[in-house]
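Listed here are the chains, written in short residue letters.
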Amino acid sequence: MPEYVPARGFKEMENLIKLYENQRSPIYIYFYGEKDKDGRSWCPDCVAAEETIMSAFRNHAPADCMILVVDVGSRESWIGKDNMFRKPPYSVEGIPTLIRWKGVERLDGDQLLKSSLLEL
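Each value, and the rule that gives it
- Residues numbered from 1 in each chain as written.
- Predicted model: local features only at pLDDT ≥ 70, side-chain atom pairs only at ≥ 80, totals over all residues.
- Heavy atoms only, no water.
- Core = buried A, V, L, I, M, F, W, Y, C linked by side-chain atoms within 4.5 Å.
- Buried < 20%, exposed > 50% of the residue type's maximum accessible area, 1.4 Å probe, protein only.
- Helix = DSSP H or I, 4+ residues; strand = E, 2+ residues; numbered from the N terminus.
- Contact = heavy atoms within 4.5 Å.
- Polar contact = N/O pair within 3.5 Å; in protein donor to acceptor, adjacent residues only side chain to side chain.
- Salt bridge = Lys/Arg side-chain N within 4 Å of Asp/Glu carboxyl O.
- Pairing = 2+ DSSP bridges.
- Axes fitted to C-alpha atoms, helices over the stretch in contact; angles between N-to-C directions.

Going by what an unreviewed UniProt entry lists, the chain is known as Thioredoxin domain-containing protein 17 and is assigned to Drosophila melanogaster.

Before going further, it helps to examine the nonpolar core. Residues Met-13, Ile-29, Phe-31, Leu-68 and Tyr-90 are the most contacted members of the largest nonpolar core, which totals 38 residues. Sorting the residues of this core by element identifies strand S1 (3-8), helix H1 (10-20), strand S2 (27-32), helix H2 (44-60), strand S3 (66-71) and strand S4 (97-100) as the ones contributing at least two each. When sequence neighbours within four positions are dropped, the list of residues in contact with Phe-31 reads Met-13, Val-70, Val-72, Phe-85, Tyr-90, Val-92, Ile-95, Pro-96, Thr-97 and Ile-99.

In this section: the side chain of Asn-83. Residue position: Asn-83 is located in the loop between helix H3 (75-79) and S4. What makes Asn-83 buried here is its relative accessible area of 6%. Side-chain polar atoms of Asn-83 contact the backbone oxygen of Ser-77, separated by 3.3 Å.

This next bit is on the pattern of salt bridges. Tallying each qualifying case throughout the model produces eight salt bridges. We note a salt bridge from Arg-8 to Asp-71, for which the minimum N-O separation is 3.4 Å. Of this pair, Arg-8 sits in strand S1 while Asp-71 sits in strand S3, and the two are 63 residues apart along the sequence. Among the residues examined, Arg-8 registers a relative accessible area of 56% and is labelled exposed. When its relative accessible area of 4% is taken as the criterion, Asp-71 is described as buried. Between Arg-100 and Glu-105 there is a salt bridge whose closest N-O contact spans 3.7 Å. For Arg-100, a relative accessible area of 27% puts it in the partly exposed group. When its relative accessible area of 38% is taken as the criterion, Glu-105 is described as partly exposed.

Now for the sheet that holds S1. Spatially, S1-S3-S2-S4-S5 is the arrangement adopted by the five strands of the open sheet, whose pairing is mixed. If you trace the sheet from one side to the other, it starts and ends with S1 and strand S5 (106-108), each paired once. Within this sheet the neighbouring strands show an average axis-to-axis angle of 15°, counted without direction. Strand direction decides the pairing type here: S2 and S3, joined by six bridges, are parallel. Within the sheet, the bridge partner assigned to Tyr-32 lies in S3 and is Asp-71. Its contacts with the sheet put H1 on S1, S2 and S3, and the angle it makes with S1 is roughly 145°.

Okay, here's the thing in structure tokens:
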């Protein structure tokens, strides 16, 4: 069963990647909008895709992988010009986004609603 590791914000994500990148393979990074006290993200696309993404993780992710679940923060911080998630090597232009760390696999936005793409 894959290991889910939550990260709040950019620095926490980078620290966790450094901690795990030489110990595990592969690492998937799932970026989503911050959730409120009721567990609902401000990002409607994240809300729409969440069940499909989580189902794909449960049913198709390699047992030895780690899934880093990254809260990119509030809507205001997400749209800010100095948002570090938008810069290389992550280059996240929209959320939700799922990438394989040190790989070429990447799914963005509506692609994450398609279970057939997530199965790959």
